[in-house]
Amino acid sequence: EPEVTQTPSHQVTQMGQEVILRCVPISNHLYFYWYRQILGQKVEFLVSFYNNEISEKSEIFDDQFSVERPDGSNFTLKIRSTKLEDSAMYFCASKQGLNTEAFFGQGTRLTVV
Amino acid sequence: AQSVTQPDIHITVSEGASLELRCNYSYGATPYLFWYVQSPGQGLQLLLKYFSGDTLVQGIKGFEAEFKRSQSSFNLRKPSVHWSDAAEYFCAVGPRAYKYIFGTGTRLKVLA
C-alpha cells in the first residue's frame, strides 16, 4: 500500500542551526502539507502546497520556514535558524485531489537543544 | 471561526466495553470530517471519513462514526474495545483542498 515516508525519524539540532525535514508523498498526489505537534498539544497546520506554490500558511509559518518540492518526488520543510520552541513532531501529509482524504507520514521528531 | 472540540481529554474503558468519543465542530459550510488515531510514537492513521451521503460511516478496526448536522457532531464509536485500541484519537474537519483543523485529542486507556 502506498504511504507517505518521512526522514529522518528523529533529528537533534543545536539552536540556531538550519534543518531540513524530508518527505516523499504518495506518487500521484497533488496536495502536500506540513503539520506539527508540540509534545502534549494538538496537531497544528503549518502550510499547504499545490501546483508548486504555497496555497495557505498559518501564522506559525514565518520567514524562518520554507517548503520546496525540488524534484517532483520530495517535499521538504526547511527551518532556517531553529529555536527551542521549534521542538516538535513534524508530520508531512499528501492527498490526491479535492474530495479525498490526506495521508500522513510517521513524522519526524525534531529536538532543538 | 472554524474549530473542533473534543471535550474528553482522557477516557478509560474496560476491554470489551463499548466506546464513544465525542467531537463537535464549528464550520461555516458542510464539513469534511475525519477521525485519526495516533499510537505512541507513531504517525496519524486515518480511521474513517465523512464527505457526504450516509451519515453513519464505517471505518477500519471496527470503528464507526455518525455525522449529526443538527448537533454539529461527529462522534466515534466502537461496540467492543480491544486493548490494542489504546491510543490518542483526533477528530479533524477540513475544507476540500486545504488545511485540516484538528481537535486537541482524546487519550484512550483500556483496562484489561
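Just so it is clear, the model here is predicted, and its values are computed rather than measured.

About the thresholds
Residue numbering note: each chain is counted from 1, following its sequence as written. All chains are assigned letters beginning at A, and all ligands numbers beginning at 1, according to the order in which they are written. With pLDDT at 70 or above as the cut-off, local features in this predicted model cover only qualifying residues; side-chain atom pairs require 80 or more to be listed or tallied, and sums for whole chains, interfaces and linings still use all residues. Hydrogens and waters are ignored; side-chain quantities use all the structure's heavy atoms. Note on definitions: a residue-residue contact is assigned when non-hydrogen atoms from the two residues lie within 4.5 Å. Defined in terms of a 1.4 Å probe, buried area is the accessible area two parts forfeit on being brought together, summed over both. Salt bridges are defined by distance alone: a side-chain nitrogen of Lys or Arg within 4 Å of a carboxyl oxygen of Asp or Glu. Pairing of N or O atoms within 3.5 Å defines a polar contact, subject to two protein rules: one partner must be a possible hydrogen donor and the other a possible acceptor, and residues neighboring in sequence count only if both atoms are side-chain atoms. Secondary structure elements are defined from DSSP: runs of H or I of at least 4 residues count as helices, runs of E of at least 2 residues count as strands, and each element is numbered from the N terminus. Each residue receives one of three labels: charged for Asp, Glu, Lys and Arg, nonpolar for Ala, Val, Leu, Ile, Met, Phe, Trp, Tyr, Cys and Pro, and polar for the others, Gly being one of them. If DSSP finds at least two bridges between two strands, the strands pair. Orientation is described by axes fitted as lines to C-alpha atoms, over the contacting stretch for helices, and by angles from 0 to 180 degrees between their N-to-C directions.

1. Things to note about the interface of chain B and chain A
Part 1: Across the contact, 20 residues belong to chain B and 21 residues belong to chain A.
Part 2: For the pair chain B and chain A, the summed buried surface comes to about 1,900 Å²; carbon and sulfur atoms form 56% of the total.
Part 3: Counting across the chain B and chain A interface gives two salt bridges.
Part 4: Across the pair glutamate 56 of chain A and lysine 99 of chain B runs a salt bridge, and its minimum N-O distance is 3.4 Å.
Part 5: Put simply, chain B and chain A have five residue pairs in polar contact (both at pLDDT 80 or more) between them.
Part 6: Secondary structure elements with two or more residues in the side of chain B that touches chain A: β5 (32–38) and β6 (45–50) of chain B.
Part 7: The element best represented in the side of chain B that touches chain A is β5 of chain B, accounting for four residues.
Part 8: For the side of chain B that touches chain A, the class distribution of residues is twelve nonpolar, five polar and three charged.

2. Overview of the sheet that holds strand β1 (residues 5–7) of chain A
All names here are of chain A.
Part 1: Spatially, four strands are ordered β1-β3-β8-β7 in an open sheet, and the strand pairing comes out antiparallel. Either end of the sheet is taken by a strand with one partner, and the two such strands are β1 and β7 (65–68). Neighbouring strand axes in the sheet, compared pairwise and without regard to direction, differ in orientation by 20° on average.
Part 2: Pairing between strand β3 (residues 19–24) and strand β8 (residues 75–79): five bridges, direction antiparallel. Looking across to β8, one finds that isoleucine 20 is bridged to lysine 78.

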